[in-house]
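Given next are the chains, with one letter for each unit.
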Amino acid sequence: MAEWYRIILEQKQPLNIGGKKYGVISETRLFMPGWTIFGALVNAYALREKSPDAFKAWKEKLSCITCFFPALGTENEDILFPELSGDGLHLKSEKVDYDEHDFRRRFVNLYFSTAIDPASQSAAEKLTHEIEIILPSEKREKGVVQRSRLYWTGLLKAEREEIESIKNAERIFVGQDARYGMGELKFFAVQTISNEETRQYWGLDIKGEEIYLSGGIPLRNFLDIDVMGCGIEKVSGSKELIVTEFDFMSSAVPQVREYCFAISPGSRINIEKKMTLTLKKGLLKSIDTGQPK
């Protein structure tokens, strides 16, 4: 029988989590969308078996997964959850509160990448890029002796045999920059989690096979915008167009396979009535019948 587990990953290398681009600067998200960590896990396990059937099987096994968030330790109270408010984005745990600028100052650096002109073996004109990277630990600062390390935490619903495979894995890679020595995460712990913890920290009220949103805290996952007006209203926050799956096999250019408009993690909502939800790759959608689309 599938159960809910808390996955704790230790960051070993700098990483970039695809975000917005501003000219030559590639920004990084400050949390991992569910589809990002899902893709990393599927690749890690399916590549060991080296068969198309393995990819299909692992995609089914690991799809019920939340977004993952940075943490300054391995306990629930150490997780830095996003919160969007009038003065911008904050990353907050029970112990600390960083605004976006402060977190980036402490944990984010710029990596410079330059394309090489093969004819001259020199830097190609106008092809210098700056990539934001999240560091494995806090930057060195004068007078600071002990620097915080980063862990990443999220929830996964899976069978016990899948969890045993995860426990035996050594590492996974997030992002497209593994060849540059980036993106490595090491499994630190896999723990069962109670419904009380999922309600308090993750905003999910789980009753058997059913998932509901628990009120009072900002969203921890993306929420399909189709639920708006069906018992749930956005109070504050943001929305964005998200792509949760690409088709890399049918053509040379990746094709969008799954997408939707969604309310972003960190947004606050008002729940007027309970709505049964499904969770897939960090996106919550309604499965109630009779809802307008």
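Everything numeric in this text was worked out from a predicted model, so none of it was measured.

A. Highlighting the nonpolar core. Counting 39 residues, the largest nonpolar core has Leu9, Met32, Ile37, Leu62, Trp152 and Phe187 as its most contacted members. If you list the elements that add at least two residues to this core, you get β1 (3–11), α1 (34–49), α2 (52–61), β6 (88–92), α3 (100–107), β10 (151–158), α4 (160–168) and β12 (184–192). The element that contributes the greatest number of residues to this core is α1, accounting for seven residues. The next biggest cluster of nonpolar side chains, apart from the first, holds 36 residues, and it includes Cys64, Leu204, Cys230 and Ile263.

B. Structural context of the pattern of salt bridges. Using the criterion set out here, one finds 21 salt bridges in the structure. Between Asp102 and Arg105 there is a salt bridge, with its nearest N and O atoms 2.8 Å apart. On the criterion of helical spacing, the pair formed by Asp102 and Arg105 is a turn pair, its members being three residues apart in helix α3. Of the residues examined, Arg105 reaches a relative accessible area of 36% and is grouped as partly exposed. For the salt bridge of Glu184 with Arg171, the shortest nitrogen-to-oxygen distance reads 3.7 Å.

C. Summary view of the sheet that holds strand β5 (residues 81–85). Pairing in this open sheet of three strands is antiparallel, and the strands run β5-β6-β7 from one edge to the other. The sheet is open, and its two edges are formed by β5 and β7 (97–99), each paired on a single side. Adjacent strand axes in the sheet meet at a mean angle of 30 degrees, parallel and antiparallel pairs treated alike. The pairing of β6 with β7 spans three bridges and is antiparallel. In the sheet register, Leu91 faces β7, and the bridge partner there is Tyr98.

D. Examining the confidence of the model for the protein more closely. Looking at the protein, pLDDT values average 85 and 84% of them are 70 or higher. In this model, residues 120–124 is a region of pLDDT below 50 whose contacts with residues beyond four sequence positions or in other chains number 11 contacts. In this model, residues 289–293 is a region of pLDDT below 50 whose contacts with residues beyond four sequence positions or in other chains number seven contacts.

E. Representation of the sheet that holds β12 in the model. Here five strands make up an open sheet; going across it, the order is β4-β10-β1-β12-β11 and the pairing antiparallel. The open sheet has two free edges, formed respectively by β4 (69–71) and β11 (171–173), since each of these has just one partner strand. Across the sheet, the axes of successive neighbouring strands diverge by a mean angle of 40 degrees, strand direction being ignored. As paired elements, β11 and β12 share three bridges and run antiparallel to each other. Following the sheet pairing, Phe173 is matched in β12 by Glu184. The sheet contacts of α4 involve β1, β10 and β12, and relative to β10 the element is tilted by about 155 degrees.

Conventions and cut-offs
Residue positions are counted from 1 within each chain, in the order its sequence is given. For a predicted model such as this one, the threshold for reporting local features is a pLDDT of at least 70, and the threshold for listing and counting side-chain atom pairs is 80 or more; totals across whole chains, interfaces and linings nevertheless cover every residue. Hydrogens are left out, water is left out, and the side-chain values use all remaining heavy atoms of the structure. Among buried residues, those of type Ala, Val, Leu, Ile, Met, Phe, Trp, Tyr and Cys that are joined through side-chain atoms within 4.5 Å constitute a nonpolar core. Think of it in three bands: residues with accessible area under 20% of the maximum for their type are buried, residues over 50% are exposed, and the middle band is partly exposed, with areas taken using a 1.4 Å probe on protein chains only. In this description a helix means any DSSP run of H or I spanning at least four residues, a strand means any run of E spanning at least two, and both kinds are numbered starting from the N terminus. When a carboxyl oxygen of Asp or Glu is within 4 Å of a side-chain nitrogen of Lys or Arg, the pair counts as a salt bridge. Each pair of strands is called paired provided DSSP finds at least two bridges between the two strands. Between N-to-C directions, angles cover 0 to 180 degrees, with each direction set by a line fitted to C-alpha atoms, over the stretch in contact for helices. pLDDT is a residue-level measure of predictor confidence that goes from 0 to 100. Throughout, a contact is declared for two residues whenever any of their heavy atoms are within 4.5 Å.

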